[in-house]
Amino acid sequence: MDIVIRPARSEEFEEAGRITVEAFVGDGHTAADGDYVHRLRDAARRAEEAELLVAVDPAAGTVLGCVTFAVGGTTWADIATPEEGEIRMLATAAAARGRGVGEALVRTALARSRELGLTGMAFSTQPAMTAAHRIYERVGFGRAPERDWSPVPGVDLMVYSMRF
């Protein structure tokens, strides 16, 4: 399948937000209400304050998935140091899963980190997101358990990282 990865356009924000909520809430990884779901849906804000990358089917023009990319030390980076890139809210539309969309988005974020002269990447993931873990490991990321953390009580996050 042909996939084009590029910065999201304003007319794609609503669909990117819908796909992100679908991936996190629909898969049961996140509660269906609350501030976090609003952040998942607010793709326009992510595009303004970080880099929102979308995977698009060039023939149909449909958004297949998205990821937020941020440099450590900025608003959208939770765990990365200022020398690292970080991905947040990696999401693939249910109909596009299994076609390499998530991996293409991760590889593009990795390339973006290198373009910016960063020395690595680090990001958080929930333990139950095993499909995403397989992507991270296939691309070359490793677990960094010494960096695991909890943003709020009852939410434990695992960290993956890579040095360049």
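Placed above this text is the structure.
The notes below deal with the structure included here. (Residues numbered from 1 in each chain as written. Predicted model: local features only at pLDDT ≥ 70, side-chain atom pairs only at ≥ 80, totals over all residues. Heavy atoms only, no water.)

1. Concerning helix α1 (residues 13-26)
Helix length check: α1, at 14 residues, gives a terminal C-alpha distance of 19 Å against a target of 20 Å (1.5 Å per residue), a fit within 8%. Regarding α1, the residues found buried are Phe13, Ala16, Gly17, Ile19, Thr20, Val21, Ala23 and Phe24. Turning to α1, the residues buried within the fold contact α2 (35-41), α3 (43-49), β2 (51-57), β3 (62-71) and β4 (84-92). (Helix = DSSP H or I, 4+ residues; strand = E, 2+ residues; numbered from the N terminus. Expected span 1.5 Å × (residues − 1). Buried < 20%, exposed > 50% of the residue type's maximum accessible area, 1.4 Å probe, protein only. Contact = heavy atoms within 4.5 Å.)

2. Things to note about the pattern of salt bridges
Tallied over the full model, the rule gives 12 salt bridges. Across the pair Arg112 and Glu51 runs a salt bridge, and its minimum N-O distance is 2.9 Å. Taken together, the residues span a long stretch of sequence, with Arg112 in helix α4 (residues 101-115) and Glu51 in strand β2 at a distance of 61 residues. Its relative accessible area of 23% is what places Arg112 among the partly exposed residues. By relative accessible area, Glu51 is classed as partly exposed at 25%. Residue Glu103 is joined to Arg138 by a salt bridge in which the shortest nitrogen-to-oxygen separation is 2.6 Å. (Salt bridge = Lys/Arg side-chain N within 4 Å of Asp/Glu carboxyl O.)

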